[in-house]
Amino acid sequence: MYLDRTYRPRRRRRGLGRFWPLIVLAVLAIILYEQQPAWLAPRSYAPTAIPTRSAISFLADADIAYRSGNIDAAIAAYEQVMRLEPANPKPLAQLSSLYLILQDLDKSRALAEQAVALAPKDPEALNALARILDWQGEYEDAANYAMDALEIDPNNATALAILGEIYTDVGNWNGAEDYLQQAVDLDPENVMALRNWAFLYEMRGDYEAAIAAYDRAIAVAPYRFDLYMGRGRQYRVGLQDFEKAIEDYRKAVEVYAAPVTLDTLGDGLYYYGDFLGAVRELRKAIELDPTYGPAQVHLGMALYARRNYEDAAAALETGLALVGDKARIEQIYTLGLAHIYKDPTECDKALVWLRKALEIDPQSGPALEGLSLCQQPH
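Cut-offs applied
- Residues numbered from 1 in each chain as written.
- Predicted model: local features only at pLDDT ≥ 70, side-chain atom pairs only at ≥ 80, totals over all residues.
- Heavy atoms only, no water.
- Helix = DSSP H or I, 4+ residues; strand = E, 2+ residues; numbered from the N terminus.
- Buried < 20%, exposed > 50% of the residue type's maximum accessible area, 1.4 Å probe, protein only.
- Contact = heavy atoms within 4.5 Å.
- Areas by Shrake-Rupley, 256 points an atom, 1.4 Å probe, with all protein chains shown as cover.
- Disulfide = S-S within 2.5 Å.
- Phe/Tyr/Trp six-rings, centres within 6.5 Å; stacked < 30°, edge-to-face > 60°.
- Lys NZ or Arg CZ within 6 Å of the ring centre and 35° of its normal.
- Expected span 1.5 Å × (residues − 1).
- Axes fitted to C-alpha atoms, helices over the stretch in contact; angles between N-to-C directions.
- Left-handed = near helix turned anticlockwise from the far one by under 90°.
- Nonpolar A, V, L, I, M, F, W, Y, C, P; charged D, E, K, R; others polar.
- Parallel < 35°, antiparallel > 145°, perpendicular 65-115°, else oblique.
- Core = buried A, V, L, I, M, F, W, Y, C linked by side-chain atoms within 4.5 Å.
- Polar contact = N/O pair within 3.5 Å; in protein donor to acceptor, adjacent residues only side chain to side chain.
- Salt bridge = Lys/Arg side-chain N within 4 Å of Asp/Glu carboxyl O.

Chemist: Where do I start with the overall build of the protein in this structure?
Modeler: In terms of regular secondary structure, the protein is built from 20 helices and 0 strands. Residues counted as buried form 46% of the 378 residues belonging to the protein. Considering only residue pairs separated by 6 or more positions, the protein has 48% of its internal contacts joining residues 24 or more positions apart. Accessible surface, the protein: about 21,400 Å² in total, of which carbon and sulfur atoms supply 53%.

Chemist: Is there a simple way to think about the state of the cysteines in this case?
Modeler: Put plainly, two cysteines are in a disulfide when a covalent bond ties their sulfur atoms together. In the structure shown here, the tally under the stated rule is 1 disulfide. Across a sulfur-sulfur distance of 2.3 Å, Cys347 and Cys374 are joined as a disulfide pair. Residues Cys347 and Cys374 share a disulfide whose torsion about the S-S bond is about -100°; that sign makes it left-handed. Residue Cys347 is found in helix H19 (residues 347–360), and its partner Cys374 is found in helix H20 (residues 365–375); the two are separated by 27 residues along the sequence. In this pair, the class of Cys347 matches that of Cys374, namely buried.

Chemist: I'm lost on the packing of aromatic side chains in this one. Help?
Modeler: Here a ring pair, both rings aromatic, is described through the centre-centre distance and the interplanar angle of the planes. What the rule picks out here adds up to 8 aromatic pairs. On the numbers, 5.6 Å between centres and 50° between planes, the contact of Tyr270 with Phe275 is tilted. On the accessibility criterion, Tyr270 (18% relative accessible area) is buried. Since its relative accessible area comes to 28%, Phe275 is described here as partly exposed. Taken together, the aromatic side chains of Tyr270, Tyr271 and Phe275 make up a single cluster linked through ring pairs. Across from the ring centre of Phe199, 5.2 Å away, lies the NZ or CZ of Arg195, which sits over that ring.

Chemist: Teacher, can you tell me more about H19 here?
Modeler: Since the α-helix packs 3.6 residues into each turn, any two residues three or four apart lie on the same face. Under the 1.5 Å per step criterion, the end-to-end length of H19 is 20 Å for 14 residues, consistent within 8% with the ideal 20 Å. Packed against the buried residues of H19 are helix H17 (309–323), helix H18 (329–342) and H20.

Chemist: Looking at this model, I keep getting lost on helix H6 (residues 123–135). Mind explaining?
Modeler: Spanning 13 residues, H6 covers 18 Å between terminal C-alpha atoms, matching the ideal 18 Å at 1.5 Å per step. Counting buried positions along H6 gives 11 out of 13 residues, so the element sits mostly inside the fold. When H6 is considered as a whole, its buried residues turn out to be Pro123, Ala125, Leu126, Asn127, Ala128, Leu129, Ala130, Arg131, Ile132, Leu133 and Asp134. For H6, the secondary structure elements touched by its buried residues are helix H4 (89–101), helix H5 (105–118), helix H7 (139–152), helix H8 (157–169) and helix H10 (191–204).

Chemist: Even after reading the chapter, I still don't get the packing of H5 against H6, so can you show me in this structure?
Modeler: Between two packed helices, what matters for the description is the angle formed by their axes and the separation of those axes. At a closest axis distance of 8 Å, the pairing of H5 and H6 adopts a crossing angle of 145°. Here H5 and H6 pass one another in a crossing that is left-handed. Of the residues in H6, those in contact with Leu105, Ser108, Arg109, Ala112, Glu113, Ala115 and Val116 of H5 are Ala125, Leu126, Ala128, Leu129, Ile132, Leu133 and Trp135. Counted by class, the contact of H5 with H6 contains 11 nonpolar, 1 polar and 2 charged residues.

Chemist: Would you mind showing me how to read the packing of H18 against H19 here?
Modeler: It is the contact of H18 with H19, at a shortest axis distance of 8 Å, that shows an interaxial angle of 160°. Comparing their axes, H19 and H18 come out roughly antiparallel. When the axes of H18 and H19 are compared, the crossing they make is left-handed. Across the interface between the two elements, Ile329, Ile332, Tyr333, Leu335, Gly336, Leu337, His339 and Ile340 from H18 touch Cys347, Lys349, Ala350, Trp353, Leu354, Lys356, Ala357 and Ile360 from H19. A class-by-class count of the residues in the contact of H18 with H19 yields 12 nonpolar, 2 polar and 2 charged.

Chemist: Would you explain the nonpolar core in this entry?
Modeler: Generally speaking, a soluble globular protein has its nonpolar side chains buried in company with each other. One finds Ile71, Leu98, Leu102, Phe225, Ile340 and Leu354 to be the most contacted residues of the largest nonpolar core, which totals 121 residues. Beyond its immediate sequence surroundings of up to four residues, Leu98 is in contact with Tyr66, Ile71, Ala74, Ile75 and Tyr78.

Chemist: How should the environment of Asp72 be read in this particular structure?
Modeler: Checked against the element boundaries, Asp72 lands in helix H3 (residues 71–84). The exposure class assigned to Asp72 is partly exposed, which follows from its relative accessible area of 49%. Taking the C-alpha atoms as reference points, Asp72 and Ala62, separated by 10 residues in sequence, lie 9.4 Å from one another. A distance of 2.7 Å separates polar atoms of two side chains, one belonging to Asp72 and the other to Tyr256.

Chemist: Is there a simple way to explain the pattern of salt bridges in this structure?
Modeler: A side chain of one charge can pair with a side chain of the opposite charge if their charged atoms are brought near each other. Applying the stated rule across the entire model yields 16 salt bridges. For the salt bridge of Glu177 with Arg204, the shortest nitrogen-to-oxygen distance reads 2.8 Å. Of the two residues, Glu177 is situated in helix H9 (residues 173–186) and Arg204 in helix H10; the sequence distance between them amounts to 27 residues. Accessibility expressed as a relative area gives 31% for Glu177, which makes it partly exposed.

And the structure:
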């Protein structure tokens, strides 16, 4: 091989030429940093404001909750509407109707009166007040408010249905039937009218027809727990069919577990003879609301039937103080007997209740028996 001995390899240059791309990038970076264009400047992010919910949206929520049997959520939504629109009578009237079927009559009346004070010519507010007045036995005033609603809105099926209920309560069954027929002619699926047809049949003693009317009402409003309670009452009181009554009471609890539904189920089990089951359901009712008087009274009766006299006396004492004048004579003398049986030396406590029972019925056998027990030496 031929070798060129004169060749000398070139020495590599060590200048900056080969770094010129990096130098350009560095200069650009310095310029950008100094100039701070808008797209390069750091951005400060402000939180997006959450829009305030409107009263209409809460009204929609309340209706959905009610129709799904979620009464607590419905009440909460109506209360939000009251907060947002204090001059709106609608949530007041709706809450009044809810508390009526929950059997909180005082709260129902206060809300209805407030609704009418806000809107004296609002048919819904007038109807709410008319119905609670009817339930409290103020029939003339109730009819006047329902008539006022009807005068403002002649095609108001609910006002006609309430008049039918009022006329049923005062014993004018022909007048009641006329108003109820007008109501269903205007609105065949008006739940108030269908329920009040059942009530009219019940007052007439036609329990089969009452059950059929409740069937129609439940088909329209299966979320109404009070309809199952009403139908159960026909089976229990009217037909003495306790098994079917308890089925309906359980359905009411399934729709809405509340003191009123649990108490109704517990009381039904008591009359069926299932005292242990009654105690279980009634204690659930009291856990939800210890101030619910009917459940305390019914628990006392069930405990007495199980011969747990000490707990029976305690529950009856609490319950009778809560229900006041609504107490029945058998509940009153049972408390007296419970005191005697739990401790025969407590006749001083027993006599208070035994004498109160005798004021209602001087010939009451159990009360007289209690007096006789207290006169025996211990």
